[in-house]
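# Report on the structure
Okay, here's what each chain looks like letter by letter:
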Amino acid sequence: DETTAKRKDAHLDLCATGDVEPSQNSTLLECVKLVHCAMPELDAADVDLSTEFLGKRLRCPLLITGMTGGTERAGKVNKDLATLAERHGLAFGVGSQRAMSEAPERAASFQVRDVAPTVALLGNIGLYQAARLGVDGVRRLMDAIGADGMALHLNAGQELTQPEGDRDFRGGYAVVEGLVKAFGARLLVKETGCGIGPDVARRLRELGVRNIDVSGLGGTSWVRVEQLRATGLLAQLGAEFSSWGIPTAAATASVRQAVGPEVRLVASGGIRTGLEAAKVLALGADIAGMALPLFKAQQEGGLEGAEKALQVILAGLRQAMLLTGSKVCADLRRRPVIKTGELKDWLAAL
Ligand code: FNR
């Protein structure tokens, strides 16, 4: 219906211009230090960032995580950022395809294969919408955009701050179980900025989930976005809970420990620099995910604005690899990692 699309454009406006990253929230990546190697014995040109994702080879271990679709403006965001992903060999996700399931004429704004024929591409749907659509409905959404996989998003914190949001969160694992039977390693389960912790991750892995994006606290807060749209009780609750969540550094390290090596782990939520991307790779992620910074750069400067922002991120990641003496991404994880302060407290409890 019309309201889903309208809500999405209101969300885009708030994310482009509003204060959607509460300054007191932290990824706790400032508690992570990588160790300098004075003798890297590497040629910068030989640093190899490539990795595997959804059966494809990425040239960089980066995912532009799902944001949008459903309106003309959203379609332009998807086209520009998918173009960027194709240029640099990153993975790309579209935003929630709920708008598309409600009105198939909105499908065009989710189509990116014309500009991103080889990209590892993720569709996107919320857990409870997936329950309503059923496995076949979700598969139709994935196939309709030629995606390589489907992201299933969890957002209980956001829903509770939305007047029209879900309140009944029972039966979630059963939905995941049905989807994982049908999609196998093409399914990715993600949060939206409050983080997936080790207990949930372990259960997901036991059900057969092979891709998890922790999407932790420290970047875009969807509770804050909804707070900015809300009035009365919900606005107050939104303010109270806009720093709720598991910081990205804590989620990444604890989930890797919990799920072992067979899960492809994406770390997102507040990653803003190449050095931060290197830190999450060192903490155990296979891929670093980013949403808001590339969206904002695209809104301000179009495709070439986003290109410039990405250049800085890629250069920072390459520099961190070189200065830790890491030739391939897996080397980063073998290097010592210093974890200080509050991150240590989190990891002691998780
Ligand atoms: C999002 N995010 C999101 N996630 C999802 O699974 N489905 C969606 O439709 C959206 N929509 C969306 C719109 C916009 C404008 C932003 C900025 C984000 C969440 C996103 O994928 C990611 O999990 C979080 O934003 C955390 O990453 P950043 O933004 O801190 O890098």
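Residues numbered from 1 in each chain as written. Predicted model: local features only at pLDDT ≥ 70, side-chain atom pairs only at ≥ 80, totals over all residues. Heavy atoms only, no water.

## Here we look at the pattern of salt bridges
A full pass over the atoms with the stated rule returns 22 salt bridges. Arg-132 is the salt-bridge partner of Asp-166, the closest N and O atoms lying 2.9 Å from each other. Here Arg-132 lies in helix 4 (residues 127–144) and Asp-166 lies in the loop between helix 5 (156–160) and helix 6 (172–183), a separation of 34 residues in the sequence. On the basis of relative accessible area, Arg-132 is assigned to the exposed category, the value being 56%. Note that Asp-286 is salt-bridged to Arg-264, the shortest N-O span being 3.3 Å. A residue pair is termed long-range when its members are at least 10 positions apart, and Asp-286 in the loop between helix 11 (274–282) and strand 11 (287–290) and Arg-264 in strand 10 (residues 264–267) qualify at 22 residues. (Salt bridge = Lys/Arg side-chain N within 4 Å of Asp/Glu carboxyl O. Helix = DSSP H or I, 4+ residues; strand = E, 2+ residues; numbered from the N terminus. Buried < 20%, exposed > 50% of the residue type's maximum accessible area, 1.4 Å probe, protein only.)

## Structural notes on the site of the ligand
Around the ligand sit 23 residues, and of these Met-67, Ser-96, Ser-215, Thr-220 and Arg-272 come closest. Contacts to the ligand include Thr-65, whose side-chain N or O atom sits 2.9 Å from an oxygen atom. Note that an oxygen atom of the ligand is positioned 2.9 Å from one of the backbone N or O atoms of Gly-270. Against a free-state accessible area of 600 Å², the protein chains account for coverage of 97% of the ligand. According to the grid-proximity analysis, the pocket containing the ligand is the largest cavity. Those elements giving two or more residues to the shell around the ligand turn out to be helix 1 (2–17) and helix 12 (292–323). (Near = heavy atom within 4 Å. Polar contact = N/O pair within 3.5 Å; in protein donor to acceptor, adjacent residues only side chain to side chain. Areas by Shrake-Rupley, 256 points an atom, 1.4 Å probe, with all protein chains shown as cover. 1 Å grid on protein atoms, 1.4 Å probe; cavity = no way out; pocket = protein on both sides within 12 Å on 5 of 7 lines; lining within 4 Å. Sits in = over half its atoms within 2 Å of the grid points.)

## Regarding the layout of surface pockets
Its boundaries defined by the atoms lining it, the largest pocket holds a volume of some 700 Å³. Residue lining of the largest pocket: 28 residues in total, with Asn-155, Ala-156, Gly-157, Glu-191 and Trp-244 positioned closest to the centre. Looking at the lining of the largest pocket, the elements that each hand over two or more residues are helix 4, helix 5, helix 6, helix 7 (198–207) and helix 9 (232–241). Counting residues per element, the lining of the largest pocket draws most heavily on helix 5, which supplies four residues. Split by residue class, the lining of the largest pocket holds 17 nonpolar, nine polar and two charged. By volume, the second largest pocket amounts to about 180 Å³. Taken together, 13 residues form the lining of the second largest pocket, with Ser-50, Thr-51, Asp-286, Cys-329 and Ala-330 sitting closest to its centre. The set of elements that each furnish at least two residues to the lining of the second largest pocket consists of strand 2 (51–53) and helix 13 (329–334). (Points joined across faces, edges and corners; volume = space filled by probe spheres on them. Nonpolar A, V, L, I, M, F, W, Y, C, P; charged D, E, K, R; others polar.)

## Examining the packing of helix 2 (residues 72–88) against helix 12
The geometry of helix 2 relative to helix 12 is characterised by a closest axis approach of 10 Å and an angle of 20° between their N-to-C directions. Classified by the interaxial angle, the pair formed by helix 2 and helix 12 is roughly parallel. Every pair of crossing elements has a handedness; the one defined by helix 2 and helix 12 is right-handed. Here Arg-73, Lys-76, Val-77, Asp-80, Leu-81, Thr-83, Leu-84, Arg-87 and His-88 of helix 2 come into contact with helix 12, specifically with Leu-294, Phe-295, Gln-298, Gln-299, Gly-302, Leu-303, Glu-304, Ala-306, Glu-307, Leu-310, Gln-311 and Leu-314. Looking at side-chain class alone, the contact of helix 2 with helix 12 contains nine nonpolar, six polar and six charged residues. (Axes fitted to C-alpha atoms, helices over the stretch in contact; angles between N-to-C directions. Parallel < 35°, antiparallel > 145°, perpendicular 65-115°, else oblique. Left-handed = near helix turned anticlockwise from the far one by under 90°. Contact = heavy atoms within 4.5 Å.)

## Some remarks on the packing of helix 7 against helix 10 (residues 248–259)
Running from N to C, helix 7 and helix 10 point in directions that differ by 35°, and their axes come no closer than 9 Å. Remark: the crossing between helix 7 and helix 10 carries right-handed chirality. Counted together, Pro-198, Ala-201, Arg-202 and Arg-205 of helix 7 and Ser-254, Val-255, Ala-258 and Val-259 of helix 10 form the full contact between these two elements. Tallied by class, the residues present in the contact of helix 7 with helix 10 amount to five nonpolar, one polar and two charged.

## Some details on the pairing of strand 6 (residues 121–126)
Regular strands have side chains that alternate between both faces of the sheet. Among the six residues of strand 6, six are classified as buried, and the element is accordingly described as predominantly covered. In strand 6, alternate side chains face the same way, and those of Leu-121, Gly-123 and Ile-125 on one face and Leu-122, Asn-124 and Gly-126 on the other are all buried. Of the pairings in the sheet, the one linking strand 6 to strand 7 (residues 149–153) comprises five bridges and is parallel in character. Looking at strand 7, one finds that Leu-122 is bridged to Gly-149. A crossover connection joins strand 6 to the parallel strand 7 through helix 4; in handedness this β-α-β unit is right-handed. (Pairing = 2+ DSSP bridges. Right-handed = clockwise from strand over helix to strand, strands pointing away.)

## A word on the sheet that holds strand 8 (residues 187–190)
Strand order in the closed barrel formed by eight strands is 4-5-6-7-8-9-10-11, with parallel pairing between adjacent strands. Put simply, the sheet's adjacent strands are angled 25° from each other on average, direction ignored. When strand 4 (residues 62–64) meets strand 5 (residues 91–93), the two strands line up parallel, connected through two bridges. Note on strand 5: the bridge partner recorded for Leu-63 is Ala-91.

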